[in-house]
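Examination of the molecular architecture
Letter by letter, the chains look like this.
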Amino acid sequence: PDKEIDKVLKIAEKIPNAIVFLDIQVGLSDLQSEVPKFEKYLKLPNVHLGIDPEFAMQKSGKQPGKVVGTLDASEINFTAEYLAKLVKENNLTPKILIVHRYTEKMVTNYKNIKPLPEVQIVMHMDGWGGKEHKKSTYDSYVRKQPVQFTGFKLFYKNDVWEKGTVMFEPEELLKLNPDRKS
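Before going into details, it helps to say that this report is about the structure given with it. The model shown is predicted, which means the values in this text are computed figures rather than measured ones.

Our next topic: the layout of surface pockets. Rolled over the atoms, a probe sized like a water molecule indicates the empty space that remains. Reported here for the largest pocket is a volume of approximately 170 Å³. Forming the walls of the largest pocket are 13 residues, and the residues nearest its centre are Glu54, Tyr102, Asp126, Trp128 and Phe155.

Structure representation (structure tokens):
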């Protein structure tokens, strides 16, 4: 609900230069239907967007969370073009579009994703687990199929769920080279 987004925006106002990400999980819907619903927020200079193929089930028709979903380059391009239009119309700095990914099939036709000057596309490793598992997943599905920028997501609880696993320290992450195998 809007009131939940508004609460987060109020919190962000208290933090200098804070940015807010709206993360859309479309389920059985699609990005073309869902992204425009957030336009009033996406017009704000500090609000950016994340999209999650894991829960995009329109192609399979299956229940979200039961199988891993997928988004095609055409859907990601629609979203980037929509954001670019808002940037131009509202004289905004570039928007960040994060695409969550931890399997190859989550994003199809990645070579057809078209970066735009108004949108910074970040394909990031979204899986959870220990350090070696995260690096391996990044190397397999993000580093080998980058679009524009790459990223690495940490889960404060799930990355250390398994006994003996430890979270990456910020210094360790900063030493990783996105262009070289981990």
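A word on the pairing of strand E2 (residues 47–51). Counting buried residues in E2 gives five out of five residues, a clear majority hidden from the surface. Side chains Val47, Leu49 and Ile51 project from E2 onto one buried face, and the interleaved His48 and Gly50 project onto a second face that is buried too. For strand E1 (residues 20–24) and E2, the ladder comprises five bridges, and the chain directions are parallel. Within the sheet, the bridge partner assigned to Ile24 lies in E2 and is Ile51.

Looking now at unusual backbone geometry. Positive phi outside glycine occurs at Asn17, with the angle close to 60°. Considering the arrangement of structural elements, one finds Asn17 in the loop between helix H1 (2–13) and E1. By relative accessible area, Asn17 is classed as exposed at 77%. Although it is not a glycine, Asn109 adopts a positive phi angle of roughly 60°. You can see Asn109 is positioned in the loop between strand E5 (107–108) and strand E6 (119–125). On the basis of relative accessible area, Asn109 is assigned to the partly exposed category, the value being 46%.

Another aspect to go through is the nonpolar core. If you look at the biggest cluster of nonpolar residues, it comprises 36 residues, and the most contacted ones within it are Leu49, Leu97 and Ile113. When contributions to this core are tallied by element, the ones reaching two or more residues are H1, E1, helix H3 (39–42), E2, helix H4 (73–90), strand E4 (95–101), E6 and helix H5 (131–143). Sequence-distant contacts of Leu97, defined by excluding residues within four places in its chain, comprise Leu49, Ile51, Ile76, Thr79, Ala80, Leu83, Val119, Gln120, Ile121 and Val122.

Strand order in the open sheet made by the five strands is E1-E2-E4-E6-E7, with parallel pairing throughout. Pairing within the sheet leaves two strands with one partner each, and these edge strands are E1 and strand E7 (149–152). Strand-to-strand, the axes of this sheet are offset by a mean angle of 30°, without reference to chain direction. Where H4 meets the sheet, its contacts fall on E2, E4 and E6, and the angle it forms with E4 comes to roughly 165°.

With respect to the helices, strands and loops of the structure, Ser29 is situated in the loop between E1 and helix H2 (31–34). Given a relative accessible area of 19%, Ser29 falls into the buried group. Sequence-wise, Ser29 and Lys111 are 82 residues apart; in three dimensions their C-alpha atoms are separated by 24 Å. Discounting residues that sit within four places of it in the chain, Ser29 has contacts with Glu34 and Gln58. Only 2.7 Å separates the side chain of Ser29 from the side chain of Glu34, close enough to count as a polar contact.

So, on to the pairing of E6. Among the seven residues in E6, six count as buried, and that is most of the element. In this sheet, E6 lies alongside E4 in parallel orientation, the contact comprising seven bridges. By the bridge assignment for E6, Arg101 is matched with Met125. Sheet topology places E6 next to E7; four bridges connect them, and they run parallel. Counted as the bridge partner of His124 is Gly151 from E7.

Calculation criteria
Residues numbered from 1 in each chain as written. Predicted model: local features only at pLDDT ≥ 70, side-chain atom pairs only at ≥ 80, totals over all residues. Heavy atoms only, no water. 1 Å grid on protein atoms, 1.4 Å probe; cavity = no way out; pocket = protein on both sides within 12 Å on 5 of 7 lines; lining within 4 Å. Points joined across faces, edges and corners; volume = space filled by probe spheres on them. Buried < 20%, exposed > 50% of the residue type's maximum accessible area, 1.4 Å probe, protein only. Helix = DSSP H or I, 4+ residues; strand = E, 2+ residues; numbered from the N terminus. Pairing = 2+ DSSP bridges. Core = buried A, V, L, I, M, F, W, Y, C linked by side-chain atoms within 4.5 Å. Contact = heavy atoms within 4.5 Å. Axes fitted to C-alpha atoms, helices over the stretch in contact; angles between N-to-C directions. Polar contact = N/O pair within 3.5 Å; in protein donor to acceptor, adjacent residues only side chain to side chain.

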